[in-house]
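Residue-level structural notes
Here's the letter readout for the chains.
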Amino acid sequence: MKAAVIVFPGSNCDRDLKMAFEQAGLQVEMVWHKDTALPDGVDIVGLPGGFSYGDYLRCGAIAANSPICRDVKAHAERGGYVFGVCNGFQILTETGLLPGALLRNANLKYICRTIGLEVAESQSIFTRGYEAGERIGIPIAHHDGNYTADAATLDRLEGEGRVAFRYTDNPNGSDRDIAGILSENRRVLGMMPHPERACDPSQGNEDGARLFAHLTAALAEA
């Protein structure tokens, strides 16, 4: 199986995501933002954390209009898998692949620490390695992680089982404690916490490793 990790000016978690994918058994190609097409045979696209284009305009807004994101969007619309972490989540909302928006943290401060997450949904390809209701610890590192959407959208996400993760102690003001959501076809996941930073004993936490291991297993079965 093959993953493509997109690299934008200002990405700083691209190698972390690459290593997490590789540790789980995926072959990984790094793809520059000015490329116009994904490599052949890509099973999943990873949009990494960081500060693409310096977070000018809105976080992820310029990246969402980069040449490669046109093909990322086409890949998703064909039913391909896409995983966006932190800035990658912001990019997914800016492309319209996921609803809502990520606003400035409610306390107006950058937050970098391990926080508690509750697994809200365990039936997607991304979350099947966890039990619904399970609590895990995953690092966050963001200034604009306050997820917001109108009430109708929030109700739809909850009613359709598309809330993947919730904060156990909301660090940023996100509506309904939402930390990660799935697309309507459940093949796109965006989340603010960084599971790629919780994949190895040297990181002090391996709660994120199951996401990548079970994702690879699910792709092999597909």
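Description of the structure in this document.

A look at the side chain of Arg162
For Arg162, the position within the fold is in the loop between α4 (151-159) and β9 (163-167). For Arg162, a relative accessible area of 6% puts it in the buried group. One polar contact links Arg162 to Glu160, side chain to side chain, over a distance of 2.8 Å.

Here we look at the layout of surface pockets
There is about 170 Å³ of room inside the largest pocket. Forming the boundary of the largest pocket are Asp55, Leu57, Arg58, Cys59, Gln90, Thr93, Glu94, Ala101, Leu102, Leu103, Arg104 and Asp144. Within the residue set of the lining of the largest pocket, elements represented by two or more residues are α3 (87-95) and β5 (101-103). The residue makeup of the lining of the largest pocket, split by class, is 5 nonpolar, 2 polar and 5 charged.

Details of helix α5 (residues 209-221)
Every α-helix winds through 3.6 residues per turn, so residues three or four apart in the chain are directed the same way. Relative to the 18 Å expected for 13 residues at 1.5 Å per residue, α5 spans 19 Å between its end C-alpha atoms, a close match to the ideal helical length. Residues of α5 that are buried in the fold lie against α1 (14-23), β3 (44-47), β4 (81-85), β9 and β11 (188-191).

What about the pairing of strand β10 (residues 178-182)?
The element β10 is extensively covered by neighbouring structure, given that 5 of its 5 residues are classed as buried. Bridge count for β9 against β10 is 3 bridges, and the pairing is antiparallel. Note that in β10 the partner of Val163 across the bridge is Ile181. Note that β10 and β11 share 3 bridges and pair antiparallel. Residue Gly180 lies in a different strand from β11, and its bridge partner there is Met191. Hairpin connection between β10 and β11: a loop of 5 residues separates the two successive antiparallel strands, and Arg186 in this loop has a positive phi of roughly 65°.

Calculation notes
- Residues numbered from 1 in each chain as written.
- Predicted model: local features only at pLDDT ≥ 70, side-chain atom pairs only at ≥ 80, totals over all residues.
- Heavy atoms only, no water.
- Helix = DSSP H or I, 4+ residues; strand = E, 2+ residues; numbered from the N terminus.
- Buried < 20%, exposed > 50% of the residue type's maximum accessible area, 1.4 Å probe, protein only.
- Polar contact = N/O pair within 3.5 Å; in protein donor to acceptor, adjacent residues only side chain to side chain.
- 1 Å grid on protein atoms, 1.4 Å probe; cavity = no way out; pocket = protein on both sides within 12 Å on 5 of 7 lines; lining within 4 Å.
- Points joined across faces, edges and corners; volume = space filled by probe spheres on them.
- Nonpolar A, V, L, I, M, F, W, Y, C, P; charged D, E, K, R; others polar.
- Expected span 1.5 Å × (residues − 1).
- Contact = heavy atoms within 4.5 Å.
- Pairing = 2+ DSSP bridges.

Function cannot be inferred from these measures alone, as they are strictly geometric.
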